[in-house]
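Understanding the architecture of this molecule
This is what each chain is made of:
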Amino acid sequence: MYKHKKCIAMLLAGGQGSRLFALTTKVAKPAVSFGAKYRIIDFPLSNCTNSNIDTVGVLTQYQPLILNDYIGNGQPWDLDRLYGGVHVLPPYQGKNSSDWYKGTANAIYQNLNFIENYNPDHVLILSGDHIYKMDYNEMLEYHIEKDADCTIATLTVPMEDASRFGIMNTDKNMVITEFEEKPKQPKNDQASMGIYLFKKDKLREYLIKDELTEGSSNDFGKNIIPNMLNDGCRMVAYPFKGYWKDVGTIDSLWSANMDLIGNDPKFDIYDPAWKIYSRNVGIQPQYVGENAKIENSLISGGTEVEGTVINSVIGSTVKIGKGAIVKDSVIFSNVEIGDNAVINYSIIDENVKIGAEAVIGDEKSDDAKIAVVGRGCNILASKKVAGGSNLEAGKEDQE
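Throughout what follows, the structure given in this document is the object of discussion.

Quick notes on the rules
Residues numbered from 1 in each chain as written. Predicted model: local features only at pLDDT ≥ 70, side-chain atom pairs only at ≥ 80, totals over all residues. Heavy atoms only, no water. Pairing = 2+ DSSP bridges. Helix = DSSP H or I, 4+ residues; strand = E, 2+ residues; numbered from the N terminus. Polar contact = N/O pair within 3.5 Å; in protein donor to acceptor, adjacent residues only side chain to side chain. Salt bridge = Lys/Arg side-chain N within 4 Å of Asp/Glu carboxyl O. Buried < 20%, exposed > 50% of the residue type's maximum accessible area, 1.4 Å probe, protein only. Phe/Tyr/Trp six-rings, centres within 6.5 Å; stacked < 30°, edge-to-face > 60°. Lys NZ or Arg CZ within 6 Å of the ring centre and 35° of its normal. Arc of directions from axis to C-beta. Expected span 1.5 Å × (residues − 1). Contact = heavy atoms within 4.5 Å. Axes fitted to C-alpha atoms, helices over the stretch in contact; angles between N-to-C directions. Left-handed = near helix turned anticlockwise from the far one by under 90°. Nonpolar A, V, L, I, M, F, W, Y, C, P; charged D, E, K, R; others polar.

Quick look at the sheet that holds strand β24 (residues 342-344)
Whether parallel or antiparallel, the strands of a sheet pair through hydrogen bonds between backbone atoms. Strand order in this open sheet of six strands is β15-β18-β21-β24-β27-β30, and the pairing throughout is parallel. In this open sheet, the two edge strands, each paired with only one partner strand, are β15 (293-295) and β30 (384-385). In terms of strand pairing, β15 meets strand β18 (residues 308-310) through three bridges, oriented parallel. Note that in β18 the partner of K293 across the bridge is T308.

Now the structure itself:
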């Protein structure tokens, strides 16, 4: 056993992310690019670093290669520690059996030995597919002050969207009196963010009970939280007031990227007191050609712009040819866009080549749909790709 920790984090990063379609065919959702120079997982990892939580278990499963390589030893997030740091925790074969993670609760259950190594007082459960900045230490202090067995971070959502979330009904002291998982007729607008803080011993007790329960979904929202509430455990809600977005769909991922730009961006990534850390190799500065035009856009390092970029987020080492137009789009890293190509209202994944005079997507409008071009695709010169298309490498001509 290592030395005692007050609190450690367990980061669930094994999701397939099927609603991101071609973007997650070969990549786990937390490893998807975001904001010109980041990946989605950078945000919860940076939150841990900025909150002085120095021990993080990252639970991977689906398509883990790129994610595991990206996390490495945790150095970019100052999580390369002698005692603690970041640890990648895939499913493994034990003496008697081997299992994929069957649910969020089962994933933590399978790693109880990792948790016990640090003998923490509290365990923070996080998701690897949300974009936000949050001081977990403030939540921990609140959790301790309330003497809660479990504290659940909540966010106010529009009532018309509340049925998509787990809804917390509380008393005036924020003690949770009822939990409704995706109710058809929600009673309020306080939605679970999927961020849970447990007393370690209480978490262990209920994970073991759940594992022994036949027919359980082994899920925090469906099983652990309701069971604790039914047993009278002290559970409180922690209201969060900042920006938070689940980027599990194409529309929400595009929208979150757009929230980074404009004169008054909805999400500020420039706060020096709360840096977002990432693994970025040394690359040359961006280059903007003499006839290039850029409006209201983020442009990462190593990118060469000879054409026009409007209202877009452009990753690193992207080449935008002469006369090319990129508008209302998100372009991941290492993309080549040929001369006079046009890209409208699209998300272009890494390592894509787009030929000269190709046209991707439709002009943004109320009824337009986002075009998605997956990793490694080769779009031939003059090819037209309609809005709403979902292209994967090797299948480009099937659309």
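So, the side chain of D54
Position of D54 among the secondary structure elements: in the loop between α1 (42-50) and β4 (55-59). In this structure the side chain of D54 is engaged in a polar contact, spanning 3.0 Å, whose partner is the side chain of K5.

Thoughts on the sheet that holds strand β29 (residues 378-379)
Taken in spatial order, the six strands line up as β14-β17-β20-β23-β26-β29 in an open sheet, and their pairing is parallel. The sheet terminates laterally at β14 (287-288) and β29, the two strands that pair on one side only. When β14 meets strand β17 (residues 304-305), the two strands line up parallel, connected through two bridges. Counterpart to V288 in the pairing with β17 is V305.

Some thoughts on the pattern of salt bridges
The final tally for this structure, using the stated rule, is 18 salt bridges. In this structure, K187 engages E178 in a salt bridge whose closest nitrogen and oxygen atoms are separated by 2.9 Å. In this structure K187 comes out as exposed when scored by relative accessible area, which is 55%. By relative accessible area, E178 is classed as partly exposed at 27%. As a salt-bridge pair, D201 and K200 come within 3.1 Å of each other at their nearest N and O atoms.

Notes on the packing of aromatic side chains
Taken as a whole and judged by the stated rule, the model has 13 aromatic pairs. Ring geometry for W254 versus Y345: centroids 5.1 Å apart, planes at 90 degrees, classification edge-to-face. Placement of W254 in helix α8 (residues 250-258) and of Y345 in the loop between β24 and β25 (346-348) is noted, with a sequence separation of 91 residues between them. Connected via pairs of aromatic rings, a cluster forms that spans F34, Y38, F43, Y243 and F267. Looking at K364, its charged tip hangs above the ring of Y345, at a distance of 5.8 Å from the centre.

Details of helix α5 (residues 136-145)
Taken as a whole, α5 has its buried residues at Y136, M139, L140, Y142 and H143. One side of α5 carries all its buried residues, which in axial view fall inside an arc of 165 degrees. Sitting at the head of α5, D135 places a side-chain oxygen 2.9 Å from the backbone nitrogen of N137.

A short note on unusual backbone geometry
Not every positive phi belongs to a glycine, and N296 is a case in point at roughly 45 degrees. Note on placement: N296 falls in the loop between β15 and β16 (298-299). The partly exposed category is assigned to N296, whose relative accessible area is 40%. You will see that N334, though not glycine, has its phi angle at about 55 degrees, which is positive. Residue position: N334 is located in the loop between β22 (330-331) and β23 (336-337). Residue class for N334 comes out partly exposed when judged on its relative accessible area of 38%.

Description of the pairing of strand β6 (residues 122-127)
Burial analysis of β6 places six of its six residues in the buried class, which makes it a mostly covered element. On β6, burial covers both faces: H122, L124 and L126 on one face and V123, I125 and S127 on the other are all buried. Note that β6 and strand β11 (residues 190-199) share four bridges and pair antiparallel. Residue I125 lies in a different strand from β11, and its bridge partner there is Y196.

Side note on the environment of L197
For L197, the position within the fold is in strand β11. Residue class for L197 comes out buried when judged on its relative accessible area of 1%. Between the C-alpha atom of L197 and that of G232, which follows or precedes it by 35 residues, the distance is 17 Å.

Structural notes on helix α6 (residues 200-211)
Counted at 1.5 Å a residue, the expected span for α6 with its twelve residues is 16 Å, and the 17 Å between its end C-alpha atoms agrees. The set of residues buried in α6 consists of K200, L203, Y206, L207 and D210. The buried residues of α6 occupy an angular sector of 135 degrees when projected down its axis, which confines them to one face. Residues of α6 that are buried sit in contact with α3 (104-109), α4 (112-118), β6, β11 and α7 (220-230).

Observations regarding the packing of α6 against α7
It is the contact of α6 with α7, at a shortest axis distance of 10 Å, that shows an interaxial angle of 120 degrees. In terms of crossing hand, the pair formed by α6 and α7 is right-handed. Residues K202, L203, Y206, L207 and D210 of α6 touch α7, and the partners they reach there are F220, N223, I224, N227 and M228. The class makeup of the residues in the contact of α6 with α7 is six nonpolar, two polar and two charged.

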